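Summary of the model geometry
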Amino acid sequence: MPITQAYYQRFETHAIADLVEHAWVVRDEVASREVLLPDGRGLLQIVLGGPCVRVDPLGSTREPDVSGVRGLTTRAVVRQSEAGAVRLGLQLHPLAGARIGTPLTDEWLEVDALLGSGVQAAAEHLLSEAFDAAAVALVTEAIGSIPRRTSDELDRFAGVLRAIDEAGGLVRASDLARRAGCTVTELYRWSVAHLGVPPTDYLTAVRFSRFLREALGPGAVGPEAVVAALSWYVRAGYAPREVERFTGSEPEELRRLAAGVEALVAG
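Only a predicted model underlies this, so the values are computations on that prediction, with no experimental measurement involved.

An α-helix turns once per 3.6 residues; consequently, residues spaced three or four apart project the same way. An ideal rise of 1.5 Å per residue puts 26 Å on 18 residues; helix H8 (residues 199-216) measures up with 26 Å between its terminal C-alpha atoms. Taken as a whole, H8 has its buried residues at Pro199, Tyr202, Leu203, Ala205, Val206, Arg207, Phe208, Ser209, Phe211 and Leu212. Residues of H8 that are buried in the fold lie against helix H5 (152-166), helix H6 (173-180), helix H7 (184-194), helix H9 (223-235), helix H10 (240-247) and helix H11 (251-266). Note on H8: the residue one or two positions beyond its end, Gly217, has a positive phi of about 85°.

In this section: the nonpolar core. The biggest cluster of nonpolar side chains holds 30 residues, and the ones touching the most others in it are Leu88, Leu90, Leu92, Leu115 and Ile143. Looking at this core, the elements with two or more residues in it are strand E2 (20-27), strand E4 (42-48), strand E9 (86-92), helix H1 (96-100), helix H2 (111-115), helix H3 (119-128) and helix H4 (132-144). Residue contributions to this core peak at five residues, all from H4.

Glancing now at the sheet that holds strand E8 (residues 77-81). In space, the four strands of this open sheet follow the order E3-E8-E5-E6, with antiparallel pairing throughout. Each edge of the open sheet is held by one strand with a lone partner, namely strand E3 (32-36) and strand E6 (62-64). Shown here is a sheet whose adjacent strand axes are inclined to one another by a mean of 25°, direction ignored.

Turning next to the pairing of E9. In terms of burial, E9 is largely enclosed, as seven of its seven residues are buried. In E9, alternate side chains face the same way, and those of Val86, Leu88, Leu90 and Leu92 on one face and Arg87, Gly89 and Gln91 on the other are all buried. Summarising the sheet, E2 and E9 pair through seven bridges and their orientation is antiparallel. In the strand pairing of E9, Ala23 is matched with Leu90. Note that E4 and E9 share seven bridges and pair antiparallel. Bridge pairing in E9 links Ile46 to Leu88.

A word on the packing of H5 against H6. In the contact formed by H5 and H6, the axes pass within 10 Å of each other and the chain directions differ by 135°. Taken together, the axes of H5 and H6 lie oblique to each other. In this structure, the crossing between H5 and H6 has a hand that is right-handed. Contacts from Arg156, Val160, Ala163, Ile164 and Glu166 in H5 reach Leu176, Arg179 and Ala180 in H6. Tallied by class, residues from the contact of H5 with H6 come to five nonpolar, no polar and three charged.

A few words now on the pattern of salt bridges. A complete count under the given rule lists 17 salt bridges for this structure. Two residues, Glu153 and Arg189, come together in a salt bridge whose shortest N-O distance is 3.4 Å. A residue pair is termed long-range when its members are at least 10 positions apart, and Glu153 in helix H5 and Arg189 in helix H7 qualify at 36 residues. When its relative accessible area of 43% is taken as the criterion, Arg189 is described as partly exposed.

Cut-offs and rules
Residues numbered from 1 in each chain as written. Predicted model: local features only at pLDDT ≥ 70, side-chain atom pairs only at ≥ 80, totals over all residues. Heavy atoms only, no water. Helix = DSSP H or I, 4+ residues; strand = E, 2+ residues; numbered from the N terminus. Expected span 1.5 Å × (residues − 1). Buried < 20%, exposed > 50% of the residue type's maximum accessible area, 1.4 Å probe, protein only. Contact = heavy atoms within 4.5 Å. Core = buried A, V, L, I, M, F, W, Y, C linked by side-chain atoms within 4.5 Å. Pairing = 2+ DSSP bridges. Axes fitted to C-alpha atoms, helices over the stretch in contact; angles between N-to-C directions. Parallel < 35°, antiparallel > 145°, perpendicular 65-115°, else oblique. Left-handed = near helix turned anticlockwise from the far one by under 90°. Nonpolar A, V, L, I, M, F, W, Y, C, P; charged D, E, K, R; others polar. Salt bridge = Lys/Arg side-chain N within 4 Å of Asp/Glu carboxyl O.

Right under this line is the structure:
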């Protein structure tokens, strides 16, 4: 299965940047596979067509890839879709869940539970008629109308996340705490409370995503390209501590992920 797509359009969402970093619509021309990276971001998506599935290349667990809302993921998964599938997605700000008072983790929440009854059906109708910009406008207006929670702590932690992103995850928790004027213990508490994971998990996700994006560039990430990039990097023979610092994973973890993705492609 290639990753060829008949249509991809990205939509800017500057007016609600505190909740959504950007939106997109993808229409698959053929059956396809792509690797979804754990980049520290949550996702709201509406899916038409299918069936589409998400496969964990390390555990081989399979689950339907359906409409819903989730927080940041902690592992890479392979998405498989049939020809004709359509997806509308909002890439959420890492603190979107904290700001709207809805804890988001790896678990999925129904779209209407967040945006209100009928929003998903209305967006699906617009997508089915190829009114993609209107569908995006509908969904972004709905999420933008949700009241935000604000606090000095949230704003300070948002600054910490900006620093992590700017450094590509290559920064220590102690340095982040010093920059934020808090203790490492406070930083840990903020991360668990507002992201749902400790800061090390967010750092790992950002490092891994940045590493692969630098190797593969933007856009859909093909499984074959991921296997090639991981295998090359492991064979390069860098010291294990350097590999973990740069990619967020130990060499053996990268080998296992490459083998798992390769097995899915072969299968």
